[in-house]
Amino acid sequence: MSTGTPKPLPSSGQKSLQDICHPLSADESALSLHNSSTVEKDLILPNGTPLDTSSPASSSSLLNRLQLDDDLDGETRDLFVTVDDPKKHVSTMETYITYRVCTKTTRTEFDLPEYSVRRRYQDFDWLRNKLEESQPTHLIPPLPEKFVMKGVVDRFSEEFVETRKKALDKFLKRVADHPVLSFNEHFNAFLSAKDLNKRLGLALLTKMGESVKYVTGGYKLRGRPIEFAAMGDYLEVFTQKLGTIDRIAQRIIKEQLEYLAELREYRPVYSSWSSFEEDLHDPLEGVAGHVSNCSSALEELTEDMSEDFLPVLREYVLYIEAMKNVLKKRDQVQAEYETKLDLVVFREDKKTPVPTDVERCQDRLECFNADLKADWDRWQNNKRQDFRQLLTGMADKNIQYYEKCLASWESLIPLLQDKQEAKGETN
């Protein structure tokens, strides 16, 4: 890098909300991919065991590997991860759930092509913390909340465990599909190590984060570059939209449950009535069956909203918080750079070359910006796919619900017609 004066960061203030695309109708931009170097250091497993790992392979070595599959975007996939088979463990000290994590890969970083290990929630939490420590410039996918999930109190209930299993599976798949995070040494250990004991504790702050806090305490940024200011505004608008959708969905589910309770009381009334009306027995039993069919269809629709719709909304609320944290870290690096640059500007000897630490800090900021932009594009692409699938799926579920109710009613019509014809003949 040259020893000239570093370029100041472009800044044009905040972007108006009117200029921001609607969070649920973003442009179909191409997915940006990039390569980023990882911190080279010896990996120490949580149980203190050293693990010899190699650095991420080059792009040429990736192309020479056996390709397991190609996804819809044309990207080569050589790492597949699934989470399934939850099991409850009861001991004298604690009760907890473990999940089976199965891995299939052709990557040379792994000693075997397949792995099957059991992990509990705190192991996933350990992995995410390690990813945040070692990859501070990247967006780390969120984990489901540890205890609080809407509508669920018992964390050992079948519903809670199933919902968490799906969320953990999605978390690992997002990491496995990331071009940088998937090569992280801690991710490798998580997938392959049989014993992942974390009792030595977690370091939540990296040395970089601590140094930045020390240097930039009380410093006010001159202004985010326009693209990152727009990201911040977008996240605020997206948060509001998700909050509105979540409130409406919660109200719909509540009303559906109240209606379902009334329907369930409705059916036995017709069944009991039919036992006293010999002439109307078949039609009344038919109505009772129709009510029962509608109840089952509504119950299924409500479960789909609770188990499939709401968790996605909650995941993206957590995703927004994760993205805001990455933006905050980027701002800290920018603040550190601006602080050091100010010291250079006010130095007495103007001919003295720019200090190496200033250039190094500028390089860090540029790398951070590039990584964040790439992860933002990837997140936007995933978001479009997720919400397209979520909304079309929910529309299909509602159509199926009404079709089931209509089919049940159509099966009841012949009974009513027969009874009406019989009455006419009697008269």
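In this text the structure is predicted, and so the values were computed from the model without any measurement.

## Re empty space enclosed by the protein
Counted under the stated rule, the structure contains two cavities of 30 Å³ or more. Roughly 50 Å³ of volume is contained in the second largest cavity. Taken together, Ala297, Glu300, Leu301, Asp304, Lys397, Gln400, Tyr401 and Lys404 make up the lining of the second largest cavity. Every element with two or more residues in the lining of the second largest cavity is listed here: α7 (281-345) and α8 (356-426).

## Overview of a negative patch on the surface
A surface patch of like charges, here negative, comprises Glu255, Glu258, Glu262 and Glu265. You can see glutamate 262 is positioned in helix α6 (residues 226-274). In this structure glutamate 262 comes out as exposed when scored by relative accessible area, which is 54%.

## Quick notes on the sheet that holds strand β5 (residues 79-90)
Taken together, the three strands give an open sheet; going across it, the order is β5-β6-β7, and neighbouring strands pair in antiparallel fashion. Among the strands making up the open sheet, the edge pair consists of β5 and β7 (114-120). Going across the sheet, the axis of each strand differs from the next one's by a mean of 20 degrees, ignoring polarity. Across 10 bridges, the pairing between β5 and strand β6 (residues 95-105) is antiparallel. The residue bridging valine 81 from the neighbouring strand is threonine 103, located in β6. Where helix α2 (residues 121-134) meets the sheet, it contacts β5, β6 and β7, and its direction lies at approximately 105 degrees from that of β7. The strands touched by helix α3 (residues 158-176) are β5 and β6; relative to β5, the strand with the most contacts, the crossing angle is about 150 degrees.

Criteria and thresholds
- Residues numbered from 1 in each chain as written.
- Predicted model: local features only at pLDDT ≥ 70, side-chain atom pairs only at ≥ 80, totals over all residues.
- Heavy atoms only, no water.
- 1 Å grid on protein atoms, 1.4 Å probe; cavity = no way out; pocket = protein on both sides within 12 Å on 5 of 7 lines; lining within 4 Å.
- Points joined across faces, edges and corners; volume = space filled by probe spheres on them.
- Helix = DSSP H or I, 4+ residues; strand = E, 2+ residues; numbered from the N terminus.
- Patch = residues over 30% accessible without salt bridge, like charges linked within 9 Å, V, L, I, M, F, W, Y side chains within 5 Å.
- Areas by Shrake-Rupley, 256 points an atom, 1.4 Å probe, with all protein chains shown as cover.
- Salt bridge = Lys/Arg side-chain N within 4 Å of Asp/Glu carboxyl O.
- Lys, Arg positive; Asp, Glu negative; His and termini not counted.
- Charge placed at Lys NZ, Arg CZ, Asp CG, Glu CD.
- Buried < 20%, exposed > 50% of the residue type's maximum accessible area, 1.4 Å probe, protein only.
- Pairing = 2+ DSSP bridges.
- Axes fitted to C-alpha atoms, helices over the stretch in contact; angles between N-to-C directions.
- Contact = heavy atoms within 4.5 Å.

These results come straight from atomic positions and should not be treated as a statement about function.
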